[in-house]
Amino acid sequence: MAPPSDPRIAVDLPHLQGLQRQARPLSFLPRQPVRSILNGRHASKLKGRGLNFEELRHYMPGDDIRTIDWKVTARTASPYIRVYTEERDRAAMLVVDQRMSMFFGSVRNMKSVTAAEAAAIAAHRIRAQGDRVGGIVFTDDAVIEHRPKASPRALHRFLGSVAQANMALHAGRQAETRIALNTPLRATERIVRSGGLVMVFSDFDAWDEATEKSLSRMARRNDVILVTVSDPVLDTLPETAQLVVSDGGLQAQIDTRSGETRAALRSFAATRLAAMTDFCTRTGIPILPLSAAEDTLPQLLRLMGAREMRT
């Protein structure tokens, strides 16, 4: 794998590994900074690690009466309580979109680079918290699964898959098939049943009703965070130009001199954003909006209320 000529266009494994130290100020645990987008008005939007049942024992003065097992108490005519212990770790699945729709950037990064960097930063920090890290990296024609594991080698393999998929993107790439977002989401449902953390890094191209159903099912039993990656190109469309766009196979010319054309493009983007926003408002799933026009880390620090590390 040849090193990329410009990390704004493609990132290699050493680059993603080098983000480990920069990830330290971030936390994906329930206790969130006041200014974090993951901190609700009254409680964190992250439920955190679950509880494992350990044993039944006799009630002792001072025990919380809410832990009394009333069925066992009624059967034995003696008060018993259920004892739980906090899980030592939990499974985290990072779903990273590296399709051709992500290979676009008008100001600084390609969206694919911003998604890869954000996923790497999250993976480093989640592993440092003691949780198991896995993920799914999907392209237009492949879905690479990494089951959550608590080892540096597993993290290395996951980041390697992200880097390999990212560096395979180029302007002339043509995919015979196009994998929809719902395919890796269904795979994530199969791997993380309950008590886990699911983060999806994507531009959410082809968002539909099936996407909402899949995310809703996961959110009922897991923490789910959507990391949306966008580019400001629609906000800065030139009014006196003709643009040529391509997906690597087909090519189209867009006349931005037409006010009707510019309005249609903005309406298309706004409709998809409105659908996502409405869904997340109804379900309580938090969104971390990232722009490919800015460096990735400062945005994450700002959104999560963390302070940058001082050298």
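As for the overall build of the chain
And then number 1: Looking only at helices and strands, the chain features eight helices and 10 strands.
And then number 2: Counting only residues that meet the buried cut, the chain has 46% of its 311 residues in that class.
And then number 3: The contacts of the chain with a sequence gap of at least 6 include a subset with a gap of at least 24, amounting to 73%.
And then number 4: A total of about 16600 Å² of accessible surface is found on the chain, and carbon and sulfur atoms cover 51% of it.

Digging into the sheet that holds strand 10 (residues 287-291)
And then number 1: Reading across the sheet, the six strands line up as 5-4-3-6-7-10 and stay open at both edges, with mixed pairing between neighbours. Looking at strand neighbours, the two that pair on one side only are strand 5 (143-149) and strand 10, the edges of this open sheet. Within this sheet the neighbouring strands show an average axis-to-axis angle of 15°, counted without direction.
And then number 2: When strand 3 (residues 91-97) meets strand 4 (residues 132-138), the two strands line up parallel, connected through seven bridges. Along strand 4, the bridge assignment pairs Val 96 with Val 137.

Observations concerning the pattern of salt bridges
And then number 1: Enumeration according to the criterion identifies 15 salt bridges in this entry.
And then number 2: In this structure, Arg 90 engages Asp 131 in a salt bridge whose closest nitrogen and oxygen atoms are separated by 3.8 Å. With Arg 90 in the loop between strand 2 (80-86) and strand 3 and Asp 131 in the loop between helix 3 (111-128) and strand 4, this residue pair connects regions lying 41 residues apart in the sequence. Here Arg 90 and Asp 131 have matching classes, each one buried.
And then number 3: Glu 294 serves as the salt-bridge partner of Arg 302, at 3.4 Å between the closest nitrogen and oxygen.
And then number 4: Residues joined in a network through salt bridges with shared partners are Arg 90, Asp 131 and Asp 223.

Remarks on the pairing of strand 6 (residues 197-202)
And then number 1: In terms of residue burial, strand 6 counts as a mostly covered element, since six of its six residues are buried.
And then number 2: Because side chains alternate across strand 6, one face comprises the buried residues Leu 197, Met 199 and Phe 201, and the other comprises Val 198, Val 200 and Ser 202, equally buried.
And then number 3: As judged from the five bridges shared by strand 3 and strand 6, these two strands associate in the parallel manner. Bridged to Ala 92 within strand 6 is Leu 197.
And then number 4: Regarding the hand of the β-α-β motif, the stretch spanning strand 6, helix 6 (residues 209-221) and strand 7 (residues 223-230) is right-handed.

Description of the nonpolar core
Side chains that are nonpolar tend, in soluble globular proteins, to be buried together.
And then number 1: One finds Leu 94, Ile 126, Met 199 and Phe 201 to be the most contacted residues of the largest nonpolar core, which totals 48 residues.
And then number 2: Top contributing element to this core by residue count: helix 3, with 10 residues.
And then number 3: Excluding residues within four positions of it along the chain, Met 199 makes contact with Phe 28, Met 93, Leu 94, Val 95, Ala 122, Ile 126, Ile 225 and Val 227.

Looking at the pairing of strand 4
And then number 1: Counted residue by residue, strand 4 has six buried out of seven residues, so it is predominantly covered.
And then number 2: Inspection of the sheet shows strand 4 paired to strand 5 by five bridges, in the antiparallel sense. Bridge pairing in strand 5 links Val 137 to Ile 144.
And then number 3: In sequence, strand 4 turns back onto strand 5 through a hairpin of four residues.

Some thoughts on unusual backbone geometry
And then number 1: In this structure, Ala 77 takes a positive phi of about 60° despite not being glycine.
And then number 2: With respect to the helices, strands and loops of the structure, Ala 77 is situated in the loop between helix 2 (70-76) and strand 2.
And then number 3: Using a relative accessible area of 73% as the deciding quantity, one classes Ala 77 as exposed.
And then number 4: One non-glycine residue with positive phi stands out, namely Phe 204, at about 55°.
And then number 5: Of note, Phe 204 is situated in the loop between strand 6 and helix 6.
And then number 6: By relative accessible area, which is 1% here, Phe 204 ends up buried.

Quick look at helix 3
And then number 1: Taking 1.5 Å as the rise per residue, helix 3 with 18 residues should run 26 Å; its terminal C-alpha atoms sit 26 Å apart, in good agreement.
And then number 2: Backbone geometry just after helix 3 places Gly 130 at a positive phi near 100°.

With respect to the packing of helix 3 against helix 8 (residues 296-303)
And then number 1: Contact pair helix 3 / helix 8: the axes reach a minimum separation of 9 Å and the direction vectors enclose 55°. The orientation of helix 3 with respect to helix 8, classified from their angle, is oblique. Two packed elements cross with a definite hand, and for helix 3 against helix 8 that hand is right-handed. Counting all contacts with helix 3, which are made through Thr 114, Glu 117, Ala 118 and Ile 121, the residues of helix 8 involved are Thr 296, Leu 297 and Leu 300.
And then number 2: Looking at the contact of helix 3 with helix 8 residue by residue, the class counts come to four nonpolar, two polar and one charged.

The rules behind each value
Residues numbered from 1 in each chain as written. Predicted model: local features only at pLDDT ≥ 70, side-chain atom pairs only at ≥ 80, totals over all residues. Heavy atoms only, no water. Helix = DSSP H or I, 4+ residues; strand = E, 2+ residues; numbered from the N terminus. Buried < 20%, exposed > 50% of the residue type's maximum accessible area, 1.4 Å probe, protein only. Contact = heavy atoms within 4.5 Å. Areas by Shrake-Rupley, 256 points an atom, 1.4 Å probe, with all protein chains shown as cover. Pairing = 2+ DSSP bridges. Axes fitted to C-alpha atoms, helices over the stretch in contact; angles between N-to-C directions. Salt bridge = Lys/Arg side-chain N within 4 Å of Asp/Glu carboxyl O. Right-handed = clockwise from strand over helix to strand, strands pointing away. Core = buried A, V, L, I, M, F, W, Y, C linked by side-chain atoms within 4.5 Å. Expected span 1.5 Å × (residues − 1). Parallel < 35°, antiparallel > 145°, perpendicular 65-115°, else oblique. Left-handed = near helix turned anticlockwise from the far one by under 90°. Nonpolar A, V, L, I, M, F, W, Y, C, P; charged D, E, K, R; others polar.

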